[in-house]
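So the chains spell out like this:
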Amino acid sequence: MSTFDSDAVSSSANGASRATVLITAQRLQELLGADGGTHLVVLDVRWSLAEPDGRRFYIAGHIPGAQYVDLDADLSGPAAPETGRHPLPDVADLQAAARSWGVGAGDTVVVYDDSGGTAAARAWWLLRWGGIADVRILDGGLAAWHTIGGILEDGAVGVTPGDVTLTAGGMPVADAARVAELAGRPDGGAAVLLDARAPERYSGENEPIDPRAGHIPGAHNAPTVANLTEDLTFRPAEQLRERFAEAGVGPDVEVVVYCGSGVTAAHEVAALASIGVPATLYPGSWSQWSADAARPVATGFDPRPPSAESPGRPE
């Protein structure tokens, strides 16, 4: 049984409260220093578009006992235009990676990075998708760990392989066909599509990496970075509720989230889960959608799909 709150294991995989999604640095430090209890696995998931290989930062200093996770190699399948830059890995490959990190059946897993959880949330989402019930994001990441005086160790950490068994389906997934259904609705109906990218990418003003600029018609812009405070911790629940309500999230509304390649969108899913709102990830995200010239693209900041009289961005 986990040394975390007991409701964590019984809550749904999509999360029911902040306590089932996040862990504070202080609480993590207490658990790392505790004797006995559940086996705790800590994963370092430092990654960014500018610095995709975080291994050298991990080697230089990481939370004691943490295992390094390569987001591109461990948390993604092979990239391709038809599937996106970070498609979901095969569950058997994810299971092999999790075992190599020492994850066993019933273990508690804590994931962190140095960017407010925007990369670590990919591991949080995938491990829950694979069926691990007790996975938390370190709120505030390494900055929060430094704030409480947490020590770092350097070098690689040896670990006994785990025996966890993963099964896909623990978190909901939308494919391009489902997203296309939402894209054509003038008002979204009983669903809302959230684009978690920066405003300039959503609007089409700037596109540094994907084939076309703009957003999926009908999507509302809800940038992942707005989930965080200046100290890179998740915003209070009431602030998160307010910002998502402004984007159309409400009771009995299906929520589907995408970003550039399904990485930072997982952070949005986590933020929504922390306030009790289930959300579906579109893993292919903009990198998959924009690679198909037949799919419609909208530009600007109006989330409404273009009408026949105003077709929006020509293709």
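Residues numbered from 1 in each chain as written. Predicted model: local features only at pLDDT ≥ 70, side-chain atom pairs only at ≥ 80, totals over all residues. Heavy atoms only, no water.

### Brief notes about unusual backbone geometry
Here the phi dihedral of Leu232 falls at roughly 70°; this positive angle occurs in a residue that is not glycine. Among the structural elements, Leu232 can be located in the loop between strand E7 (220–221) and helix H11 (237–246). A relative accessible area of 28% means that Leu232 is categorised as partly exposed. Even without being a glycine, Ser285 presents a positive backbone phi close to 50°. By secondary structure assignment, the location of Ser285 is in helix H13 (residues 285–289). (Helix = DSSP H or I, 4+ residues; strand = E, 2+ residues; numbered from the N terminus. Buried < 20%, exposed > 50% of the residue type's maximum accessible area, 1.4 Å probe, protein only.)

### So, helix H12 (residues 264–274)
Among the 11 residues in H12, 10 count as buried, and that is most of the element. Among the residues of H12, those classed as buried are Ala265, Ala266, His267, Glu268, Val269, Ala270, Ala271, Leu272, Ala273 and Ser274. Once H12 finishes, Gly276 follows within two positions and takes phi at roughly 80°, a positive value.

### Let's talk about the environment of Gly102
Tracing the backbone shows Gly102 in the loop between helix H6 (91–100) and strand E4 (108–112). Note on Gly102: relative accessible area 4%, which makes it buried. Each C-alpha atom of the pair Gly102 and Val41 lies 7.0 Å from the other, and the pair is 61 residues apart in sequence. Excluding residues within four positions of it along the chain, Gly102 makes contact with His39, Val41, Asp107, Val159, Thr160, Pro161 and Gly162. (Contact = heavy atoms within 4.5 Å.)

### Concerning the environment of Pro236
In this fold, Pro236 is placed in the loop between E7 and H11. Owing to a relative accessible area of 41%, Pro236 belongs among the partly exposed residues under this scheme.

### Observations concerning the side chain of Thr224
Relative to the elements of secondary structure, Thr224 occurs in the loop between E7 and H11. With relative accessibility at 3%, the residue Thr224 sits in the buried group. Reaching out from Thr224, the side chain makes a polar contact with the backbone oxygen of Thr264 at a distance of 3.0 Å. Among all residues touching Thr224, those that are not within four sequence positions of it are Thr118, Ala196, Thr264, Ala265, His267 and Glu268. (Polar contact = N/O pair within 3.5 Å; in protein donor to acceptor, adjacent residues only side chain to side chain.)

### Brief notes about the sheet that holds strand E2 (residues 40–44)
As summarised here, the arrangement of the five strands in space is E1-E5-E4-E2-E3, forming an open sheet in which the pairing is parallel. In this open sheet, the two edge strands, each paired with only one partner strand, are strand E1 (22–23) and strand E3 (67–68). As defined by bridge partners, E1 adjoins strand E5 (residues 135–138) across two bridges and the pair is classed as parallel. Within the sheet, the bridge partner assigned to Leu22 lies in E5 and is Ile137. (Pairing = 2+ DSSP bridges.)

### Topic: the confidence of the model for the protein
In this model, the protein carries a mean pLDDT of 89, and residues with pLDDT of at least 70 account for 88%. A low-confidence stretch, residues 1–15 stays under pLDDT 50, and its non-local contacts, those more than four residues away or across chains, total 42 contacts. The low-confidence segment residues 307–315, where pLDDT is below 50, has seven contacts with residues more than four positions distant or belonging to other chains. (pLDDT = per-residue confidence, 0-100.)

### Describing the packing of H11 against H12
The interhelical angle for the contact between H11 and H12, taken along N-to-C directions, is 115°, at an axis separation of 9 Å. Considering the relative orientation of H11 and H12, their crossing is left-handed. Between H11, through Leu240, Arg243 and Phe244, and H12, the contact on the second element is made entirely by Glu268, Ala271, Leu272 and Ser274. Of the residues that constitute the contact of H11 with H12, the class distribution is four nonpolar, one polar and two charged. (Axes fitted to C-alpha atoms, helices over the stretch in contact; angles between N-to-C directions. Left-handed = near helix turned anticlockwise from the far one by under 90°. Nonpolar A, V, L, I, M, F, W, Y, C, P; charged D, E, K, R; others polar.)

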